[in-house]
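Residues per chain, in single letters:
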Amino acid sequence: MIDHIELSLTQSLDHCIKCNICTAACPVAAVTDKFPGPKYVGPQAQRFRHDRQPSPDSSVDYCSGCRVCNQVCPTGVRIAELNARARGQIVAERGMPLRNRLIARSELIGRLSCGPHAPLVNFGLSFKPARWLIDLVMKIHRDAPLPRASTYSFRSWFKRRRRTADRRPSAVSPSSEKRQVVYFHGCSTNYYEPRVGKAAVAVLERNGFEVILAEQNCCGLPLISNGDFATARKYHEANVRKLLPYVRQGIPVVGTSTSCTLTLKEEAPEILGLTSDDVLAVAKGTYDIFEFLRELAERDELNTEFRPLERELPYHPPCQYRAHRLGRPVLDVLSLVPGLKLMESRADCCGIAGTYGLKTEKYQIAMDVGAGLFEFVRGSGAELALCDSETCRWQITHATGVPSQHPIEILAEAYGIER
Amino acid sequence: MNYDTIVIGAGIAGLMAALGRAERGERVLVLAKGHGTTHWASGCIDLLDAGDDPLGAVERLAAERPDHPYALAGAAALERGLERLRAACEAAGYPLVGSPRRTLLLPTAMGALRPTVLVPATMAAGESRQLADGRPTLIAGLRELRDFYPPMIAANLRAQGFAVDGVYLRLPPTDRSKEFGPMIYARLFEREEFRAEIGRQLAEHVRRGGYARVGLPAVLGLRRASEVVRDLQDRAGALIFEIPTLPTSVPGARLFHALEEALRAAGGRLQIGSFVQRGEASDQETGEGAVLVAVYSEAAAREQRHGARRWVLATGGVAGGGLRAEHTGELRETALGLPVRAPASRAEWLAPRFLAEGGHPVFSAGIAVDAALRPLDAAGRVVYSNVAVVGGALAGFDPIREGCLEGVAVATGYAAGQL
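Here the residue index of a chain counts from 1 through its sequence in written order. Lettering of chains starts at A and numbering of ligands starts at 1, both following the order in which they are written. At least 70 in pLDDT is required for a residue's local features to be given in this predicted model, at least 80 for side-chain atom pairs to be given and counted, and no such filter applies to totals for whole chains, interfaces and linings, which use all residues. Neither water nor hydrogens contribute to the side-chain values; these are computed over all heavy atoms in the structure.

(A) Inspection of the environment of Pro338 of chain A at higher detail. Residue and element names in this part refer to chain A. Secondary structure is summarised from DSSP: a helix means a run of H or I of at least four residues, a strand means a run of E of at least two, and numbering begins at the N terminus for each. With respect to the helices, strands and loops of the structure, Pro338 is situated in the loop between α19 (329-334) and β6 (341-344). Separated by 34 residues in the primary sequence, Pro338 and Thr304 place their C-alpha atoms 9.9 Å from one another. Not counting residues up to four positions away in its chain, the partners in contact with Pro338 are Phe306, Pro308 and Leu309. Residues count as neighbours in contact if any of their non-hydrogen atoms are within 4.5 Å of one another.

Spelled out as structure tokens, the structure:
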């Protein structure tokens, strides 16, 4: 079978005029020459990559996948996708280190960490000697920002809440009249930050939606970015099976993790080469939550009964959001909240890139990449920073000491939702 | 979200137009596929390759060729546009020098002299009148920077009668060992210890050779170029001037940043990485063409719709990507599908000789417009009443051969900002 995506990637190679704008803009190449830059490992090295021949160069492993190259390329070469596939080919040839296999399973780790025993897990992972050992044995950097597990999962909260609501039927009106959305929470909201999911549910309900908690699993992005395409394919196909019935009914899938929503919309279909009608239907039916809210606002359907928030906060649009190529939905929507002022970060990347900055050999690169952002956040003097992506939030807080939240939490606050 | 004006394209023409609209108090968005041709060009402003008085030549050209973009925009728009551009660069701490009444001749990385009009102050000391003052000049570079050969530049300048020597400097110790593109150098030159070592070497050469000035590749800082050049002059004890390199062009990126900052300060927004692929016309009949109500940019999984009252198309010509040659032998305008004025058949695109005196007809192809820069069809009727076309996308001129790429961008971009 002809892989149409492979074909379009290969054809996009010929659009490269070697102007090096991507290399000039690459935040990783700017701080280390372990990564020779997107042009070399992408369109240039691709000429030397062939099926059934060994990969010529492993420096592509230092690509963080931030996609700044795609964004600035004046001729439309799909550099980040080329790099992701090249990494996949290396993993297929040489196998995947145990460390990467572990950190790519965010759902498994989350499930094991979350629950009443979470304080114990969190203590263990903040215990310096333990982190030294993990660093030594597993090559996960001892200072890298690991999230703190929650004592309860978002799903358990949601189900509990529904049971309570069921006993009081007046609290939730019959669903037949209501518009419905499926909420895609992702692993981080489920196991580490249920508060993000609670805010999302509350905001969607304030806008008259009934929120459905569909069965779902990890979107597979950590597997894609670590090059395990075979497992990522299984994950994505499972999500498509679970979400398709809703999408076919015209019920949108809305997520708070920009990287999960990007994976459902584009990364999984394109990088993994999944092109069935079902996969594309799920892609077309998936929205990042602020994209969804902005569309409501554009149709004058957004509930704008906000209370004023006299706050000025730094906001970092994460790489994965920019890769949606939608502008700044968060700024557009939050500009409707009276009094709230967001200072937009102009930094390209926080450095963490999912699991990239956790790795011992890449931790310092990630911290150097994010230096400009950290300076911006510290310099803002604000007590809180906003960012849509969970790993970026953890990185920002790790590097600056400034707590960080998902913008949906501020929107919930503007609706006066008690949490 | 609705805008008063949306500009498509983020080169000089698009940014000048956006700046003009934003300064009139409009809500302005710039949509662009990637970084523009600023990053490919020298960072100088060429008006017209025609004798000593470029503005006078522009006025004569406008009288002789009523279809030329200069005739449509008018010499006054060119003058006022240049003033606005200078003010934006001044505000960014990166002054431009020169006068539209005088042609400057600056050395290229081949050692040829190239006519231009406004140049960054960081290049001024290399102007041919200064090189001819009888005092010797040194051209210095680093072997690690590709495509910049001081001995060749010096030899070619000597052949034109100037007293010039060329040397390679030793690369100061850095944490980098492999990748040395122009942008990497620009960042290195912003480090004091790097400059100090270069300065020591230059001072030694100046002391021994009695050089009055030193030409270096145009990589002397990205955001703080004026400061870097001043500091190097103090250290070297001679004037320093920059010579444009091959792309990626650091002076071009500085020009982009200066205009971007001015636009943001005026409240405008930029969305880079969003390729506009079609427009939507209203069915309302104006008697003067249709009304463009929205455009759609490529995005993950589905297009993004953008609405505005007024539009500026600044996507460039054949080189800039605004016009594409189809395999059918036709030229297509990529964003809105506007009618292209081009040679009647593929066979007439190119003259038989590569260096044909009159140039190649295809490079004068573009969008024909009326006096208000509105696009016209083959019969001369207005296509859209609320669209202005600016810069390289326009028909009726050959920007490279005529040496007027930036001048036309400034004049028409400024004019569209004031309409």
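Further notes follow.
(B) Quick peek at unusual backbone geometry. Note the cis peptide between Pro247 of chain B and Thr248 of chain B, where omega equals 5°. Note on placement: Thr248 of chain B falls in the loop between β10 (239-243) and α10 (250-265). Despite not being glycine, Lys18 of chain A shows a phi value in the positive range, around 60°. Relative to the elements of secondary structure, Lys18 of chain A occurs in the loop between α1 (4-13) and α2 (21-25).

(C) Structural view of the nonpolar core. Counting 122 residues, the largest nonpolar core has Phe290, Leu293, Ile408 and Leu411 of chain A together with Tyr70 of chain B as its most contacted members. Here this core gets 8 residues from one element, more than from any other, and that element is helix α1 (residues 12-23) of chain B. What Leu411 of chain A contacts, discounting residues up to four positions off in sequence, is Val203, Phe290, Leu293, Phe306, Val333, Leu334 and Val337 of chain A. Counting residues in each nonpolar core, the second largest holds 44 residues, with Leu169, Ile184, Phe194 and Val206 of chain B among its members. Here, nonpolar core means buried Ala, Val, Leu, Ile, Met, Phe, Trp, Tyr and Cys residues that are tied together by side-chain atoms lying within 4.5 Å of each other. Burial classes follow relative accessibility: with a 1.4 Å probe on protein chains only, a residue under 20% of its type's maximum area counts as buried, one over 50% as exposed, and anything between as partly exposed.

(D) Quick peek at the domain arrangement of chain A. Residues and elements named next belong to chain A. The source of the domain bounds is an automatic or database domain assignment. Taken as a whole, chain A is organised into domain 1 (10-94), domain 2 (98-138), domain 3 (154-297) and domain 4 (306-414). When each unit is reduced to the centre of its C-alpha atoms, the spacing between domain 1 and domain 3 is 31 Å. Taken together, the contact between domain 1 and domain 3 spans 8 residues of the former and 12 residues of the latter. The rule for a salt bridge is simple: a side-chain nitrogen of Lys or Arg has to be within 4 Å of a carboxyl oxygen of Asp or Glu. Connecting domain 1 to domain 3 are 3 salt bridges. The residue Glu266 makes a salt bridge to Arg67 at a minimum N-O spacing of 3.2 Å. In protein, a polar contact requires one atom able to donate a hydrogen and another able to accept it; more generally it is a pair of N or O atoms within 3.5 Å, and residues adjacent in sequence count only if both atoms are side-chain atoms. Run the count over domain 1 and domain 3 and you get 6 residue pairs in polar contact (both at pLDDT 80 or more). Any residue that is not Ala, Val, Leu, Ile, Met, Phe, Trp, Tyr, Cys, Pro, Asp, Glu, Lys or Arg is counted as polar, Gly included; the first ten are nonpolar and the last four charged. Its residues assigned to classes, the side of domain 1 that touches domain 3 comprises 2 nonpolar, 1 polar and 5 charged.

(E) Looking closely at the pairing of strand β2 (residues 28-32) of chain B. All names here are of chain B. Where burial is concerned, most of β2 is hidden: 5 out of the 5 residues are buried. Neither face of β2 is open: one carries Val28, Val30 and Ala32, the other Leu29 and Leu31, and all of them are buried. In this description, strands pair whenever DSSP reports at least two bridges between them. Relative to β2, strand β1 (residues 2-8) runs parallel, the two being bridged by 4 bridges. From the neighbouring strand, Thr5 faces β2, where its bridge partner is Val28. Whether a crossover is right-handed depends on one test, that the path from the first strand over the helix to the second runs clockwise when the strands point away from the viewer. Note that the unit made of β1, α1 and β2 has a crossover that is right-handed. Taken together, the 4 bridges between β2 and strand β11 (residues 269-272) define a ladder with parallel strand orientation. Each residue of the ladder has a partner; that of Val30, found in β11, is Leu270.

(F) Looking closely at the pairing of strand β9 (residues 213-217) of chain B. Residue and element names in this part refer to chain B. Across the 5 residues that make up β9, a large majority, 5, are buried. With 5 bridges connecting them, β9 and β10 associate as parallel partners. Residue pairing across strands places Arg213 opposite Leu239, the latter belonging to β10. As a crossover connection, the stretch from β9 through helix α9 (residues 225-236) into β10 is right-handed.

(G) Spotlight on the pattern of salt bridges. Enumeration over the complete set of coordinates arrives at 60 salt bridges over all chains. In this structure, a network of salt bridges that share partners links the residues Arg328, Glu344 and Arg346 of chain A together with Arg223, Glu260, Glu261 and Arg264 of chain B.

(H) Just the packing of aromatic side chains, in detail. A pair of aromatic rings is counted whenever rings of Phe, Tyr or Trp (Trp by its six-membered ring) have centres within 6.5 Å, and the orientation is called stacked for planes under 30 degrees apart, edge-to-face for over 60 and tilted otherwise. This structure, assessed with the given rule, holds 11 aromatic pairs over all chains. Ring geometry for Tyr287 of chain A versus Phe292 of chain A: centroids 5.8 Å apart, planes at 65°, classification edge-to-face. Taken together, the aromatic side chains of Phe154, Trp157, Phe158 and Tyr183 of chain A make up a single cluster linked through ring pairs. Throughout this description, the term charge over a ring refers to an Arg CZ or Lys NZ atom that lies within 6 Å of the ring centre and within 35 degrees of the ring normal. Positioned above the aromatic ring of Tyr40 of chain A is the side chain of Lys39 of chain A, whose terminal nitrogen or guanidinium carbon lies 4.7 Å from the ring centre. One residue, Arg27 of chain B, lies across the ring of Tyr3 of chain B, its end atom 4.7 Å from the ring centre.

(I) Quick look at a positive patch on the surface. Residues and elements named next belong to chain A. A grouping of Lys159, Arg160, Arg162 and Arg163 is seen on the molecular surface, where their side chains present a positively charged patch. Checked against the element boundaries, Arg160 lands in helix α10 (residues 154-167). Arg160 sits in the partly exposed class, given a relative accessible area of 41%. Nonpolar side chains (Val, Leu, Ile, Met, Phe, Trp, Tyr) within 5 Å and like charges within 9 Å form the patches, drawn only from residues with over 30% relative accessible area and no salt bridge. Areas reported as accessible are Shrake-Rupley estimates using a 1.4 Å probe. Residue values count occlusion only from the protein chains shown. Note on charges: Lys and Arg go in the positive column, Asp and Glu in the negative column, and His and the chain ends are not counted at all. Taken as the charge centre is NZ of Lys, CZ of Arg, CG of Asp or CD of Glu, depending on the residue.

(J) Expanded view of the side chain of His185 of chain A. Residue and element names in this part refer to chain A. Mapped onto the secondary structure, His185 falls in the loop between β1 (179-184) and α11 (186-191). Classification of His185 by relative accessible area gives buried; the value is 4%. Residue contacts for His185: discarding those within four places in its chain leaves Phe154, Arg155, Asn190, Leu213, Gln216 and Thr256.

(K) Just the sheet that holds strand β4 (residues 286-288) of chain A, in detail. Residue and element names in this part refer to chain A. The 4 strands lie next to each other as β2-β1-β3-β4, forming an open sheet whose pairing is parallel. A single partner strand is all that each edge strand has here, and the edge strands are β2 (209-212) and β4. Neighbour to neighbour, the strand axes of the sheet diverge by 35° on average, direction disregarded. Of the strand pairs in this sheet, strand β3 (residues 253-255) and β4 are connected by 3 bridges, and their pairing is parallel. The residue bridging Val253 from the neighbouring strand is Thr286, located in β4. Axis lines are fitted through C-alpha atoms, for helices just across the contact stretch, and the angle between N-to-C directions can take any value from 0 to 180 degrees.

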